[in-house]
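Chain by chain, the residues:
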Amino acid sequence: MNKIFLKQCYGEKTSPSPIWIMRQAGRYLPEYQAVRQKTDFLTLCKTPELATEVTLQPVDILGVDAAILFSDILIPIEPMGMELVFSEGKGPLLSPPIRSEADLKRLRPIEPEHDVPFVLETIRLLREALKEKVPLIGFAGAPFTLITYMVEGGSSKNFLHTKKMMFEAPALFHNLMSIVTETTIRYLKAQAEAGAQAIQLFDTWAGALSRKDYEEFVFPYSNRVLTALAQYNIPRIHFALNGSHLLPVTKKSACEVIGLDWRMDIPFCVDILGDSKAIQGNMDPCALFMPKSQLKDHVKSILEQGAKAKGHIFNLGHGVMPEIDQEKVKLLVELVHELS
Ligand code: CP3
């Protein structure tokens, strides 16, 4: 099996350097579109054979060094007691939103084998299919990002209701975070037991908070999740999007790798992190619009900067977008391998 991804997570340098890409299975791939034409997104997530097929697509087509389970961070919220739909155009909708103690009573922590058996079955199928290929990454949303969807009822620009709860009803906020943390711990433990060989915790909206509020209201819960996974001896990746100002805090988390978005300057981050963590990232997804020669120089510079970190896994600073040409993504993978 190709172990360069796992090695760099633990700070062991490799040549070439590993690359995988957030949202590597997705709408920019015609092969993904073909599967999606026949089925809606949630059914795709809940059908192990199909979820396995689309997880494997980027491994075979692009030659990336890790696979990431095809699913969504919102999947465990449905069995907690909310209705989840993905509407064309509006994105995910969760109802009814959680805004009060009474709403909280409708929620229960999940039993993964019973509530999300399809996720665990997908992991088992993938491990079988990936035997001689690459490691499999499992994932979950971090508690704060998950509760933004639960409290807002879907995507949001300024997280008004979530931050209102945080400042106006902190006890309620903490209770909700505790319930979601317990679910996330159970969910990720079940993924590790089913065979996930690394996990990534996505805190997509952590950057909406000041460092002080993040440290008080959010970090303890994310870190509780990461700490609970220590027993599995698999690398843990902590990715807080838009979180350069949070690095002095996330640096303390129980993880092997810190994910960096494209706004962060790698040398600045390496200064803060020192030898404590490997890094993952961080090319701007839009840099894939660059012409080939320019892209080559850009990739080279990220690799040179990453080489100074404890370990470096090349990735984009956030998910690849549907508008990107598949050939460009293929080229990126080739460039990373060739230049490292
Ligand atoms: O990285 C991967 O390839 C693994 C699969 C994955 C998906 N979503 C597939 C997906 C992962 C790890 C996620 C995480 C996720 N989902 C996050 C955190 C990371 C991030 O991107 O910030 C968030 C916030 C979500 C919630 C979510 N799911 C949104 C906001 C959307 C977009 C809705 C839209 O209409 O564009 C989704 C849908 C989604 N998740 C798609 C995919 C491939 C697109 C679904 C489709 O085929 O239409």
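Scroll up to find the structure.
Residues numbered from 1 in each chain as written. Predicted model: local features only at pLDDT ≥ 70, side-chain atom pairs only at ≥ 80, totals over all residues. Heavy atoms only, no water.

**Student:** Would you explain the site of the ligand in this entry?
**Tutor:** Near the ligand, the surroundings consist of 22 residues, among which Arg23, Tyr32, Arg36, Asp72 and His318 are the closest. Arginine 23 has a polar backbone atom sitting 2.6 Å from an oxygen atom of the ligand. Tyrosine 32 has a polar side-chain atom sitting 2.5 Å from an oxygen atom of the ligand. In the complex, 88% of the free accessible area of the ligand, which totals 880 Å², lies under the protein chains. Of all the secondary-structure elements, those providing two or more residues to the shell around the ligand are helix H2 (30-38) and strand E3 (91-95). (Near = heavy atom within 4 Å. Polar contact = N/O pair within 3.5 Å; in protein donor to acceptor, adjacent residues only side chain to side chain. Areas by Shrake-Rupley, 256 points an atom, 1.4 Å probe, with all protein chains shown as cover. Helix = DSSP H or I, 4+ residues; strand = E, 2+ residues; numbered from the N terminus.)

**Student:** Looking at this structure, how should I read the packing of aromatic side chains?
**Tutor:** Pairs of aromatic rings are described using the distance from one ring centre to the other and the angle between the two planes. One pass over the full model with this rule turns up 9 aromatic pairs. Here the aromatic rings of tyrosine 214 and phenylalanine 219 are separated by 6.1 Å at their centres, their planes lie at 50°, and the arrangement is tilted. Tyrosine 214 sits in the buried class, given a relative accessible area of 0%. Since its relative accessible area comes to 10%, phenylalanine 219 is described here as buried. By way of ring pairs, the aromatic residues Tyr32, Phe41, Phe70 and Phe86 are connected into one cluster. We note arginine 263 situated over the ring of tryptophan 262; from NZ or CZ to the ring centre the distance is 4.1 Å. (Phe/Tyr/Trp six-rings, centres within 6.5 Å; stacked < 30°, edge-to-face > 60°. Buried < 20%, exposed > 50% of the residue type's maximum accessible area, 1.4 Å probe, protein only. Lys NZ or Arg CZ within 6 Å of the ring centre and 35° of its normal.)

Keep in mind these numbers describe shape, not what the thing actually does.
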